[in-house]
Each structure stands twice: as structure tokens, then as C-alpha cells.
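Breakdown of the fold
Each chain, letter by letter, is given below.
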Amino acid sequence: MVVAVVATSVFLVEIVQGNEVAVVHIPVRGELQARLGPSVKALPEYGPSVMDASVYRDPTRFELERERVLGRHWMIAGRSEQVQGSGDWITYEGHDECIVVVRQAEGSLSAFHNVCRHRGPAIIAEKTGCGARRFSCPYHGWVYDTKGKLVGIPEREDFGNEHVTDIGAIPVAVGEWGGWVWINLAGPDKAVPLLESIGPDISNDLGAFKMEDMILHEVLEWDVPINYKAIVDGFNEIYHVTELHHSPPEFTKATRFASFHVTGDNFMCFVPRPVSLEELGSESYDHHRNSICHYVVFPNTVFNCNPEHLQVFQPIPLGVDRTKFLCWELIYPGDINDPEYASYYKKTMAHWEVLKGVVGEDIGIYDQMTRTKKSSAFNEQILSEREFKIAMYHENMDRKIRD
């Protein structure tokens, strides 16, 4: 973890920095369920455990995950703001898949495999673009519309009519929630509904941040030579923050009051800010205002939420032991020429710089894990009861690959 609905209300809060006051859009708990406080159970009854380390390096297992997990669950492809206009497109590439998402004229999205039905090359060479009406494969010129339907074949008379009639690029399920574009490779007819996958607990609680009203500030990317699940695991516990991130004693103390929640395939974690510990005894404790709110949507989407801005961590597997790791930074929009917004922006950017350093420390430990990932001495992991999310995540993965 990076340190730093029923009815939901949002209020304006003043943040003082020097002599400047910034007015920013901040979520509050409102009528949402308490996630920290005297009546909230902090840990499920799972306990300490030991876990096999082969989950990070077994190529057969990885192929099963590609088919039965990555191929059946919702994952983020980008932000809605990246495909605002008709014919705008983005691509998603990972785990040997290449997907195109295109905004349609009436405002909906379509997604399909970026694979030509003729001989298999990518139909669209560019990763992003605007205002497309059709796409032409650069190899032989087969033409597809923005929904992936095949609409043109040079020298069509040379092909069997039964082979090329009413076909197109293979469709992918696509949806939008929280200002994000989500895809599911199972396809429109087989994918479970997006909000069913996210679940009401997360859609309500995370929904309070109103990510659909936020804007993308920056995306960082690393090519990391470890398994993607090892990165997810790092965000499924807070035990490491004292040593790796040099957190001060007051924050280490606060982590002991954190609460952990399991909701379907997904997880939530709330770490109270040290200055709010005295308020934890109240049933009205507001975790949105007073804690770091953390959500993991299976299999590889992690939301790290501060009241003023948030990050999304997305490890996209490229192979059994290679991962494209994306870190998205979202902020609330405003007029930079407005002194109040300028103060908010300055404060938020200062915090973002700190968080980038924290992520850099995570990358550093991944480098150390790379040195030992195939070691004969790395056979198991010994997990504390507060690292139960790691154990449960892999148990869930086990069930799904056996499906």
C-alpha cells in the first residue's frame, strides 16, 4: 500500500497552506457504512498462514490465469476522458492480448480484439487516436468499422463467401464506471455485469470519491521483471510500510488500528490518519475524511485514495515473470489561475511527488525480488494474520483457475 450508494454527500473543505486557502471537492462518509470505529471488526478470523511460492513462477499456472482469470474478469483499459469524441480510440495490451476501445457516434463504447481476421496482424498500428471512421489493416487492406465489423476486402471475389460474410474482429465486453473504461475479454455475451463484479460495497464507498469528475494528471510506467501477483500482494498488506517506506512511529501506530474487509472477490482497507486516532472511538468516525482508503478489485486493479487526490496501481502481466506496472494519478479539476485552486494544486502536487518516491521504493524491492525469484531457497512465504489478504487472494486465484 502507498502511504501518504446509499446516500453520499460531498462538501467543500478549506485547506490552509501558509496564508493561502484552497477550496477542494472532498468526499465524506455521509450515510455509508462505518469502516473504522468501535463497532467495526478490524480483521476476519483467518489467522497466520504459509503459502507456496510457486504461484509466482509456474508457467503452466500463468497460462491458466490468462485463460480463466485475466480472460474472464474486468480490467481497466484507460480513462473515459481519453476517448471523449466519436471515433477516438485507445488500446490495451498485456498478457499476449491486444484490444481496441472506440467511442461511438451516439456516445457508447465498443471494444474488440485488434487482430485482423485475415492473417492475424494488428489492425491498428497506433496505440491511440482521434476521429476514426474506419480502420484498415496495414498488411492487405481489410477494412473494419469502429465496432470491429468487417466492411471491406480487396479482391473479395477470390475468397469463399461463407468465410467472409458477417464477420468482424472478435468483440470484447466494455463498460464505464468511475470515469474509467473497463474491459472483459469474455465478451459481451459471457461477461458478468461490471457493477456486479465491482460489488456494491466498493461501488458505494469508492464511488464517494467521484472519480468520474476527476482528471488524469499523469501516468507512470515501469517494466518490472517479476510476476504481476507479487505486485498486487504488495498492496494487500501494510506490514512493510515502517521498514521499506520509513514511516514515522505515529503512522506505524495508526496502522495497528487499520480495518480490513473482504467483499466478494475484492478487498478494502482503511488506515486512520494519526491525527484522527482520538476520534476512532466515535460511531460517526468518517473514514473518507480521516483515513487512507484502499480498494483492490480482483484481479489487478488497486485504488489508493486520499481526500484530495488518488492513485490507481495496475500491474499488467506481460509474461509469467514480467509485468508492465502503471501508476495513474487523478486530481480534481479547476482553474489554475484561481488562487484558491492554485493552492490546492500546489499542495496536491507536493504530495504526489512524495508518493512517487514511495512507489520508487516499491520498485526497489521488486528489484531485490528479481534476484531471488527463481532461488531454490524461495519455496514458501510465511504470512502473519494481518497479511491474510495475500493468502485469500491466491486461494481465490486457485479456485478460478480450476474452474
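As shown above, the structure is provided for reference.
Report follows, based on the coordinates. (Residues numbered from 1 in each chain as written. Predicted model: local features only at pLDDT ≥ 70, side-chain atom pairs only at ≥ 80, totals over all residues. Heavy atoms only, no water.)

On to the overall build of the protein, then. From N to C terminus, the protein includes 10 helices and 21 strands. Here the C-alpha radius of gyration of the protein, 23 Å, is about what a compact globule of 403 residues would show, namely 22 Å. Viewed in the frame of its principal axes, the protein has a C-alpha envelope of about 80 × 60 × 35 Å. Buried positions account for 54% of the 403 residues belonging to the protein. Charged side chains in the protein number 38 positive and 57 negative. The centres of these two groups are separated by 4 Å. (Helix = DSSP H or I, 4+ residues; strand = E, 2+ residues; numbered from the N terminus. Rg over C-alpha atoms; globule rule 2.2 N^0.38 Å. Buried < 20%, exposed > 50% of the residue type's maximum accessible area, 1.4 Å probe, protein only. Lys, Arg positive; Asp, Glu negative; His and termini not counted. Charge placed at Lys NZ, Arg CZ, Asp CG, Glu CD.)

Once that is clear, we can look at the side chain of aspartate 205. Among the structural elements, aspartate 205 can be located in helix H4 (residues 200–205). Of the residues examined, aspartate 205 reaches a relative accessible area of 2% and is grouped as buried. The contact partners of aspartate 205, leaving out residues within four places of it in the chain, are Leu32, Gln33, Arg35, Met268, Phe270, His287, His288 and Tyr295. (Contact = heavy atoms within 4.5 Å.)

What follows deals with the packing of helix H1 (residues 59–68) against helix H10 (residues 388–401). In the contact formed by H1 and H10, the axes pass within 9 Å of each other and the chain directions differ by 75°. In terms of orientation, H1 and H10 fall into the roughly perpendicular class. Here H1 contributes Arg61, Leu64, Glu65 and Arg68 to the contact with H10, which in turn contributes His394, Met397, Asp398, Lys400 and Ile401. Split by residue class, the contact of H1 with H10 holds 3 nonpolar, 1 polar and 5 charged. (Axes fitted to C-alpha atoms, helices over the stretch in contact; angles between N-to-C directions. Parallel < 35°, antiparallel > 145°, perpendicular 65-115°, else oblique. Nonpolar A, V, L, I, M, F, W, Y, C, P; charged D, E, K, R; others polar.)

What follows is about the state of the cysteines. As enumerated under the stated definition, the model contains 0 disulfides in all. Looking at cysteine 269, it has no disulfide partner, and the nearest cysteine sulfur is the one in cysteine 293, 9.4 Å off. On the basis of relative accessible area, cysteine 269 is assigned to the buried category, the value being 1%. You can see cysteine 293 has no disulfide; the closest cysteine sulfur is in cysteine 305, sitting 6.3 Å from it. Using a relative accessible area of 0% as the deciding quantity, one classes cysteine 293 as buried. (Disulfide = S-S within 2.5 Å.)

Adjacent strands of a sheet form backbone hydrogen bonds with each other and so pair up, either parallel or antiparallel. Taken together, the 7 strands give an open sheet; going across it, the order is E14-E20-E19-E18-E17-E16-E15, and neighbouring strands pair in antiparallel fashion. Bordering the open sheet on either side are strand E14 (215–224) and strand E15 (259–263), each of which pairs with just one other strand. Strand-to-strand twist in this sheet, taken as the mean axis angle between neighbours without regard to direction, amounts to 15°. In this sheet, strand E16 (residues 266–272) lies alongside E15 in antiparallel orientation, the contact comprising 5 bridges. Its bridge partner being in E16, serine 259 is matched across the sheet by phenylalanine 270. (Pairing = 2+ DSSP bridges.)

With the exception of glycine, the majority of residues adopt a negative phi angle, and the majority of peptide bonds are in the trans configuration. A cis amide bond links phenylalanine 298 with the next residue in sequence, proline 299, at an omega value of 10°. With respect to the helices, strands and loops of the structure, proline 299 is situated in the loop between strand E17 (291–297) and strand E18 (301–305). Located in the positive-phi region is histidine 246, a residue other than glycine, with phi close to 55°.

Grouped together as the largest cluster of nonpolar side chains are 83 residues, with contacts concentrated most on Trp182, Tyr295 and Phe303. When residues in this core are grouped by element, the largest group, 8 residues, is from helix H9 (residues 339–372). If we ignore the near neighbours within four places in the chain, the residues touching tyrosine 295 are Ile202, Asp205, Leu206, Phe209, Phe267, Met268, Phe270, His288, Thr301, Val302, Phe303 and Cys305. Listed in part, the 17 residues of the second largest apolar core include Ile123, Ala132, Ile167 and Ala169. (Core = buried A, V, L, I, M, F, W, Y, C linked by side-chain atoms within 4.5 Å.)

So, about the side chain of arginine 386. Looking at the secondary structure, you find arginine 386 in the loop between strand E21 (380–383) and H10. Despite its burial, arginine 386 pairs with no opposite charge, the nearest such side chain being glutamate 385 at 6.4 Å. Side-chain polar atoms of arginine 386 contact the backbone oxygen of threonine 255, separated by 2.5 Å. (Salt bridge = Lys/Arg side-chain N within 4 Å of Asp/Glu carboxyl O. Polar contact = N/O pair within 3.5 Å; in protein donor to acceptor, adjacent residues only side chain to side chain.)

A complete count under the given rule lists 16 aromatic pairs for this structure. Their ring planes at 35° and their centres at 6.4 Å tell us that tyrosine 341 and tyrosine 345 sit as a pair that is tilted. Within this pair, tyrosine 341 and its partner tyrosine 345 are both found in helix H9, separated by 4 residues, close to a single helical turn. Site record: aromatic cluster; members linked through ring pairs are Trp222, Phe235, Phe313, Phe325 and Tyr366. The ring of tryptophan 180 has arginine 79 sitting right over it, with the charged end atom 4.7 Å from the ring centre. (Phe/Tyr/Trp six-rings, centres within 6.5 Å; stacked < 30°, edge-to-face > 60°. Lys NZ or Arg CZ within 6 Å of the ring centre and 35° of its normal.)

Another aspect to go through is H10. Between the first and last C-alpha of H10 there are 20 Å, a value that for 14 residues agrees with the 20 Å anticipated at 1.5 Å per step. By the criterion of burial, H10 is predominantly enclosed, with 10 of the 14 residues buried. (Expected span 1.5 Å × (residues − 1).)

Where charged atoms from two side chains of opposite charge approach closely, those side chains can pair. One pass over the full model with this rule turns up 19 salt bridges. The salt bridge involving lysine 41 is made with glutamate 45; its shortest N-O contact spans 3.2 Å. Each of Arg61, Glu65, Lys229 and Asp398 takes part in one network of salt bridges that share partners.

What is shown is where atoms sit, not what they do.
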